[in-house]
Amino acid sequence: TNKVFIPEVFFTNDCLTGEDVVKSTRVLGDLDGVFQDKEAYGKMNKEQVVYHVSSYLPVLESTPGGLFMGITTLYSGKVGQEYFMTKGHFHSNSDRAEFYWGVEGEGFLILMDERRNVWAERMFPGSLHYIPGKVAHRVANTGYQKLVFSACWPSDAGHDYATIADTGFARRLVDVNGVPTLV
Ligand code: S6P
Ligand code: ZN
């Protein structure tokens, strides 16, 4: 089915924008440097949408004690043998934890601690994932349809994309003869 979970919102937020839901889109061109295979990346259409995020923000960013909720729709695709994935990040307030849960489709949550140990958890409708503080997180779509997952994180977590942009994840999830494999 094509049913995507869209929450009915029962809060009035105090965001500067006045928006209950903030939507953002990452196209392939926004993910320069993320994928291993530069040659394959170079040949692809940079306007292609890789994922959309709808964020539900009942309080201002960086408010201590509040919570945010987001729904990510990650499309199916590969750059070379590497599956479409989110940029991935640590939290700026590095000890802040997060929940992810699978809603539709299939993939893997890829996790990396501060010592650069990497592991992955299978995502599917109903899967629930606790991401401890100080653990970087990104999601790869290994299926043939879109992968939809939700997240809940503290409003003072923030996003540290720079560390991943500089040093990446220590392992990548690639298609090895049709099998998603961490290499
Ligand atoms: C926010 C939460 C998610 C991601 C989203 C996109 O803390 O982890 O809403 O923002 O899945 O991933 P990324 O790595 O591009 O922010
Ligand atoms: Zn996060």
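First things first, this report covers the structure right here in the doc. No experiment lies behind these values; they were computed from the predicted model shown.

**Quick look at the pattern of salt bridges**
Pairing between side chains of opposite charge can happen when the charged atoms of each approach one another. All told, the structure shown has five salt bridges when counted by the stated rule. A salt bridge links Asp175 to Lys78; the nearest nitrogen and oxygen atoms lie 2.7 Å apart. Here Lys78 lies in strand E4 (residues 78–79) and Asp175 lies in strand E12 (residues 173–176), a separation of 97 residues in the sequence. Of the residues examined, Asp175 reaches a relative accessible area of 15% and is grouped as buried. What makes Lys78 partly exposed here is its relative accessible area of 32%. Arg172 is the salt-bridge partner of Glu82, the closest N and O atoms lying 2.6 Å from each other. With Glu82 in strand E5 (residues 82–83) and Arg172 in the loop between helix H2 (162–167) and E12, this residue pair connects regions lying 90 residues apart in the sequence. A single burial state applies to Glu82 and to Arg172, both of which are buried. Each of Asp95, Arg96 and Asp156 takes part in one network of salt bridges that share partners.

**Section: the side chain of His89**
You can see His89 is positioned in the loop between E5 and strand E6 (98–104). Judged by its relative accessible area of 8%, His89 falls in the buried class. A polar contact is formed between the side chain of His89 and the side chain of His137, at a distance of 2.9 Å. With residues near it in sequence (within four places) discarded, His89 still touches Glu98, Tyr100, Val135, Ala136, His137, His159, Asp160, Tyr161 and Ile164.

**Remarks on the coordination of the zinc ion (ligand 2)**
Protein-derived ligands of the zinc ion (ligand 2) are His89 (NE2), His91 (NE2), Glu98 (OE) and His137 (NE2), with the metal-ligand distances lying across 2.1 to 2.3 Å. Counting the intervening residues between successive donors of the zinc ion (ligand 2) yields the motif H-x1-H-x6-E-x38-H. Taken together, the residues His91 in the loop between E5 and E6 and His137 in strand E10 (residues 135–141) connect sequence positions 46 residues apart. Summarising the burial analysis for this pair, His91 and His137 share the class buried.

**Quick look at the pairing of E12**
Relative to strand E13 (residues 179–182), E12 runs antiparallel, the two sharing four bridges. Directly across from Leu173, in E13, lies its bridge partner Leu182. As consecutive antiparallel partners, E12 and E13 are separated by two residues, and within that stretch Asn177 has a phi angle of approximately 50°, a positive value.

Analysis parameters
- Residues numbered from 1 in each chain as written.
- Chains lettered and ligands numbered in written order.
- Predicted model: local features only at pLDDT ≥ 70, side-chain atom pairs only at ≥ 80, totals over all residues.
- Heavy atoms only, no water.
- Salt bridge = Lys/Arg side-chain N within 4 Å of Asp/Glu carboxyl O.
- Helix = DSSP H or I, 4+ residues; strand = E, 2+ residues; numbered from the N terminus.
- Buried < 20%, exposed > 50% of the residue type's maximum accessible area, 1.4 Å probe, protein only.
- Polar contact = N/O pair within 3.5 Å; in protein donor to acceptor, adjacent residues only side chain to side chain.
- Contact = heavy atoms within 4.5 Å.
- Donors = N, O, S within 2.8 Å, 3.2 Å for Na, K, Ca; no water.
- Pairing = 2+ DSSP bridges.

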